[in-house]
Amino acid sequence: MLNLERLRTLDALARLGSVSGAAEGLHVTTSAVSQQMAKLEREVGQQLLARNGRGVRLTDAGQLLADHAARILSQVELAQSDIEAQRGEVVGEIRLGAFPTAARGLFPATLLALRAAHPELRARTRELEPEDGIRAVLRGDIDLAVVLDWSNKRLPVPGGLARAHLLDDAPDIAMPAGHPLAERDTVDLEDFAEDDWVSWPEGEFCYDWLMFTLRSKGIEPRIAHLAGEHHTQLSLIAAGMGVCVAPRLGRGPVPDGVRLVPVRQKMRRHVHAVWRADADRRPSIRAAVAALREAGRELDDPLGDE
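Attention in this report is confined to the structure presented alongside it.

Conventions adopted
Residues numbered from 1 in each chain as written. Predicted model: local features only at pLDDT ≥ 70, side-chain atom pairs only at ≥ 80, totals over all residues. Heavy atoms only, no water. Core = buried A, V, L, I, M, F, W, Y, C linked by side-chain atoms within 4.5 Å. Buried < 20%, exposed > 50% of the residue type's maximum accessible area, 1.4 Å probe, protein only. Axes fitted to C-alpha atoms, helices over the stretch in contact; angles between N-to-C directions. Helix = DSSP H or I, 4+ residues; strand = E, 2+ residues; numbered from the N terminus. Parallel < 35°, antiparallel > 145°, perpendicular 65-115°, else oblique. Left-handed = near helix turned anticlockwise from the far one by under 90°. Contact = heavy atoms within 4.5 Å. Nonpolar A, V, L, I, M, F, W, Y, C, P; charged D, E, K, R; others polar. 1 Å grid on protein atoms, 1.4 Å probe; cavity = no way out; pocket = protein on both sides within 12 Å on 5 of 7 lines; lining within 4 Å. Points joined across faces, edges and corners; volume = space filled by probe spheres on them. Pairing = 2+ DSSP bridges.

### A look at the nonpolar core
Counting 62 residues, the largest nonpolar core has L106, L144, V146, W150, I173, W197 and V245 as its most contacted members. Core analysis: the next-biggest nonpolar cluster, separate from the first, contains 17 residues, L13, V19, M37 and A61 among them.

Here's what the structure looks like:
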C-alpha cells in the first residue's frame, strides 16, 4: 500500500520543483526528502526521479503518480471536512496565519469571539507575510491565512483555494510633524518625489507594491530605510528619517512627532481570508471566517472598493 507521507513528499516535489524546495515546504531536511522518495520508488518498482543538470525532474511515472498524489491528498482533506461537517460541531484545532498588522488588528477580537462561541475549538496563530501564508495553506501547515493585495496590484491566488473578503484598509502617509506638507488635509504621492522613504523589506509583497506604485507615478523612490515592523517605521519617521505609507489596520499608537495625512487618490489594501477549497465544509473554517468577517466589519472602509 502506498504510504501517505511519501505521497505528500512527491506532491511537494511536483509543486515546488526541487528537492530543496520540497524540504523547505515540508519543514524537513533534503536528506529526508531523498530518503522518502527512494522508499516510494521501491514501493512502486519504478524510477520516479531523474537527474536534470544539478537538480532532478519527475519521470513520466513520477508525474503520473504525482497527479494521483494530489488527488489523494485532496480526498483526505475532503474526508476530514465531511466528518467534521457530519458531526456539525466546531471542535478540535484550527491553525490561522496572518500578515503582522492583520494579526494585531484582527486576531484578538477573532480569537475572543471563537472562544466565547466555540469553547471546544483550539485556535493557534502565527504571523506570515501574504505569499508565505498562501504557501502554508497549500502545504497544509495552516488551515486559513489572512492575506492582502492592493487596489492597483493584486496578489495571485492559486487554484484550489477559496477566499472571502474581510475588509478594505485605507492607508495614510506618515511624515515628521515638521514636514512642509504636515498640515495638509490630503496629499498626493507625487508630492513626495524628493523625500526619502521608509519601506517594508525587499522581497515582501508590500515593498514590491510601493516600488510599482511610485514608479507608475513617475517617481524613482529613494528608499533610505527598510523595516518590517510598522512601529519601527513610525519611529524612524518621528526621528525625521523620511516618509512612509502607514496602513490603518493594526496601527496602534502613533509616536509623538509623526503626522498622518490621507492620500487624495483611492489607495486601498484589500484584506482576504484564504483556505483550501476542499476544506470548505469544515465547521471550524466557517466559524473562523465568520469571526474574522465580524472583526473586519468594525474596521472596514466603505470607500475601499474601486
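Resuming the write-up.
### Structural notes on the packing of helix α5 (residues 100–117) against helix α9 (residues 283–297)
Following both chains from N to C, one finds α5 and α9 inclined at 130°, their axes separated by 9 Å at the closest point. By the angle between their axes, α5 is oblique relative to α9. The handedness of the crossing between α5 and α9 comes out as right-handed. In contact with L106, F107, A109, T110, A113 and L114 of α5, α9 contributes A287, A288, A291, L292, A295 and G296. In terms of residue class, the contact of α5 with α9 is built from ten nonpolar, two polar and no charged.

### Topic: the layout of surface pockets
One water molecule sets the probe size; rolling that probe over the atoms shows where empty space is left. Estimates place the volume of the largest pocket at around 490 Å³. Forming the walls of the largest pocket are 27 residues, and the residues nearest its centre are R8, E77, L138, G140 and R276. When contributions to the lining of the largest pocket are tallied by element, the ones reaching two or more residues are α1 (4–16), α4 (60–87), β3 (92–98) and α6 (130–139). No other element matches the five residues that α4 contributes to the lining of the largest pocket. By residue class, the composition of the lining of the largest pocket is twelve nonpolar, four polar and eleven charged. Put simply, the second largest pocket is a space of about 180 Å³.

### What to know about the side chain of T9
In this structure, T9 sits in helix α1. Each residue touching T9, except ones within four places of it in the same chain, is listed here: L26, V33, Q36 and M37.

### Description of the sheet that holds strand β4 (residues 121–127)
As a general point, the strands of a sheet are linked pairwise by backbone hydrogen bonds and lie either parallel or antiparallel. On the basis of which strands lie adjacent, the open sheet formed by five strands has the order β4-β3-β5-β12-β6 and mixed pairing. Two strands in the sheet have a free side with no partner beyond their single neighbour: β4 and β6 (161–169). Across the sheet, the mean angle from the axis of one strand to that of its neighbour is 25°, orientation sign disregarded. With seven bridges connecting them, strand β5 (residues 144–150) and strand β12 (residues 269–276) associate as antiparallel partners. Considered in β12, the bridge of D149 is made with H270.

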